[in-house]
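# Understanding the architecture of this molecule
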Amino acid sequence: MSGLIHLQNWTFLWKVLSEDRCHTGDRDLPDHHSTMSTGVTHPNLDDWNTVCCFFRLPQLFSTCVAFSLVADMGIWRGNIGNWSMSIWCFCFAVTLIIVTVKFFDFESHFPLFWYNLSITYACYAAILCLLASVIYSITHVQFLPDGPLRDRATAATTLSCIASAFYAIDAFVWNYYWPEDIPCYVYTLPALLKVLETFVAGVIFAFLNNTSLYLHQPALEWCVAVYSICFIPTALAMLLKLGDWENILPVPFPIFQLGLTLLSVLLYISALVLWLLYQFYEEFGGQPQWSSDISCIDDLICTWIQRLAVAVLTAINLLIYVADLVYWARQVSIGTEDSPGTSDPLWSQEVSSLSSVIF
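Please read these numbers as outputs of a predicted model, since none were measured by experiment.

Calculation rules
Residues numbered from 1 in each chain as written. Predicted model: local features only at pLDDT ≥ 70, side-chain atom pairs only at ≥ 80, totals over all residues. Heavy atoms only, no water. Helix = DSSP H or I, 4+ residues; strand = E, 2+ residues; numbered from the N terminus. Contact = heavy atoms within 4.5 Å. Areas by Shrake-Rupley, 256 points an atom, 1.4 Å probe, with all protein chains shown as cover. 1 Å grid on protein atoms, 1.4 Å probe; cavity = no way out; pocket = protein on both sides within 12 Å on 5 of 7 lines; lining within 4 Å. Points joined across faces, edges and corners; volume = space filled by probe spheres on them. Nonpolar A, V, L, I, M, F, W, Y, C, P; charged D, E, K, R; others polar. Phe/Tyr/Trp six-rings, centres within 6.5 Å; stacked < 30°, edge-to-face > 60°. Buried < 20%, exposed > 50% of the residue type's maximum accessible area, 1.4 Å probe, protein only. Patch = residues over 30% accessible without salt bridge, like charges linked within 9 Å, V, L, I, M, F, W, Y side chains within 5 Å. Salt bridge = Lys/Arg side-chain N within 4 Å of Asp/Glu carboxyl O. Domains from an automatic or database assignment. Axes fitted to C-alpha atoms, helices over the stretch in contact; angles between N-to-C directions. Parallel < 35°, antiparallel > 145°, perpendicular 65-115°, else oblique. Left-handed = near helix turned anticlockwise from the far one by under 90°. Expected span 1.5 Å × (residues − 1). pLDDT = per-residue confidence, 0-100. Core = buried A, V, L, I, M, F, W, Y, C linked by side-chain atoms within 4.5 Å.

Turning next to the overall build of the protein. Of regular secondary structure, the protein possesses 11 helices and 0 strands. Relative to all contacts within the protein whose residues are 6 or more apart in sequence, the contacts with residues 24 or more apart total 74%. Counting every atom, the protein has about 18,600 Å² of accessible surface; 69% of that belongs to carbon and sulfur.

Moving on: empty space enclosed by the protein. In this approach, a probe sized like a water molecule rolls over the atoms, and the result shows the empty space that is left. The full count for this structure, using the stated rule, is 2 cavities of 30 Å³ or more. Approximately 40 Å³ is the volume attributed to the second largest cavity. Taken together, R56, Q59, T95, I98, S118, Y121, A122, Y167 and D170 make up the full set of residues lining the second largest cavity. If you list the elements that add at least two residues to the lining of the second largest cavity, you get α3 (53-71), α4 (78-103), α5 (111-139) and α6 (148-177). Considering every element that reaches the lining of the second largest cavity, the biggest residue donor is α5, with 3 residues. Taken together, the residues of the lining of the second largest cavity break down into 4 nonpolar, 3 polar and 2 charged.

The next thing to look at is the packing of aromatic side chains. Taken as a whole and judged by the stated rule, the model has 10 aromatic pairs. Between F205 and F231 the ring centres are 5.7 Å apart and the planes differ by 85 degrees, which places this aromatic pair in the edge-to-face class. Residue F205 is found in helix α7 (residues 189-207), and its partner F231 is found in helix α8 (residues 218-242); the two are separated by 26 residues along the sequence. Judged by relative accessible area, which is 25%, F205 ranks as partly exposed. Ring centres 5.7 Å apart and planes at 85 degrees place the aromatic pair F280 and W304 in the edge-to-face group. In this pair, F280 is assigned in helix α9 (residues 253-280) and W304 in helix α10 (residues 303-334), connecting sequence segments 24 residues apart. Across the pair, W304 and F280 agree in class, each one buried. Through a chain of ring-to-ring contacts, three or more aromatic side chains come together here, namely F253, F256, Y327 and W328.

Moving on, we get to a nonpolar patch on the surface. Taken together, the side chains of L236, L239, W245 and I248 present a nonpolar region at the surface, about 400 Å² in accessible area. Note on placement: L236 falls in helix α8.

All right, on to unusual backbone geometry then. Phi is positive for H216, close to 65 degrees, though the residue is something other than glycine. Structurally, the position occupied by H216 is in the loop between α7 and α8. Judged by its relative accessible area of 74%, H216 is exposed.

A volume near 660 Å³ is recorded for the second largest pocket. In terms of lining, the second largest pocket is formed by 26 residues, of which the most central are F90, Y124, L128, T198 and F231. Listed by contribution, the elements that provide at least two residues to the lining of the second largest pocket are α4, α5, α7 and α8. Residue contributions to the lining of the second largest pocket peak at 8 residues, all from α5. A class-by-class count of the residues in the lining of the second largest pocket yields 21 nonpolar, 5 polar and no charged. When we break the lining of the second largest pocket down by domain, the ones giving at least three residues each are domain 1 (45-180) and domain 2 (181-289 + 297-337).

Closest axis-to-axis distance for the α9/α10 pair is 8 Å, and the angle between their directions is 155 degrees. Taken together, the axes of α9 and α10 are roughly antiparallel relative to one another. Pair α9 / α10 crosses with left-handed handedness. A class-by-class count of the residues in the contact of α9 with α10 yields 24 nonpolar, 6 polar and 2 charged.

Here the focus is α4. Taking 1.5 Å of rise per residue, the 26 residues of α4 would be expected to cover 38 Å, and the 37 Å separating its terminal C-alpha atoms lies within 8% of that figure. Of all the residues in α4, the buried ones are I80, G81, W83, S84, M85, I87, W88, C91, V94, T95, I98 and V101. In the segment just after α4, D105 is the residue with positive phi, at about 60 degrees.

Further remarks concern the confidence of the model for the protein. For the protein, the mean per-residue pLDDT works out to 76, and 70% of the residues sit at or above 70. When pLDDT is averaged over each element of the protein, α9 comes out on top at 93 and helix α11 (residues 345-358) at the bottom at 36. Taken as a whole, residues 1-43 scores under 50 in pLDDT and shows 62 contacts with residues more than four places along the chain or in a different chain. Considering only residues more than four positions removed or in separate chains, one finds that residues 337-359, a stretch of pLDDT under 50, has 37 contacts.

Core analysis: the largest hydrophobic core is formed by 63 residues, its most contacted members being W88, L208, Y227, Y268 and W275. Among the elements of the structure, α3, α4, α5, α6, α7, α8, α9 and α10 are those that each provide at least two residues to this core. Sorting elements by how many residues they give to this core places α5 first, with 10 residues. Each of domain 1 (45-180) and domain 2 (181-289 + 297-337) gives at least three residues to this core. Residues in contact with W275, not counting those within four places in the same chain, are L208, L213, L220, C223, Y227, F280, R307, V310 and A311.

The following block contains the structure:
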């Protein structure tokens, strides 16, 4: 009789262990007043899908109208205007895709990944629209003559600020509707660092549109390669975590992140040193002073200012990567990962109690 009980306990443990407790891709997200395995009641994520329409429609309207107003300015758009238009166009297109996917209920096939991706995009869009508003108003709008053109540019800047506010609210309110026992990567420290790393790299790429900053200079072309080399794996690491696919890696995710971040820190150090030497030291052909650049007399965002901006952004991103390195070094040193989705205390407690019953 005791042998039969022992066998039943082992069978029950095998069934529990074979159940995927960390992934929700094969089952629906909780409905209103439904409970997860912890027995906690959560607000309905479908309620948020209804609420989000009140945010995404203004997002679409604001970005579309801002783009249209600047596009109609013709030659008065300027390079900064074209750059701002690209941001508004990107935000409008991605928001439209999100609305379309929701309208046809495609997200039901990958709910956890889709909701994580939506929050991440809202964070990026809020920062991008705010950045476009600030840069466009400071470097272009104030230099336009009074009249219809300036009114258009001012209206576009205002709409961009409105879009940024709605994207920020979108990202913030998600935190209330998100079930507590479902991991949300975006609201963690490593996710915030990854967002900042990729965002700063994106701003650097915007300044590097001026190819005269680095062409035909191998050392500076290496700096551009560094920005690309570090950006792609960082974005890939975010994608793996958002989709909860880190288990496909041949090594534990903390070790993968540690190695990746260490490589990025070393590469960014080399890029910062080379960029400063070859852009601002006369011995290497650089221009140490702002007054040495003739284009700065008539253009606020002249070539020298762009060089300085890339140098400052490189230093900022290096500091972010160092903070990221410290975080993952700590995770590896203690042998655990604090980010959500990698451990479940209730799950561990349940397995421990079952083991004690069996043995």
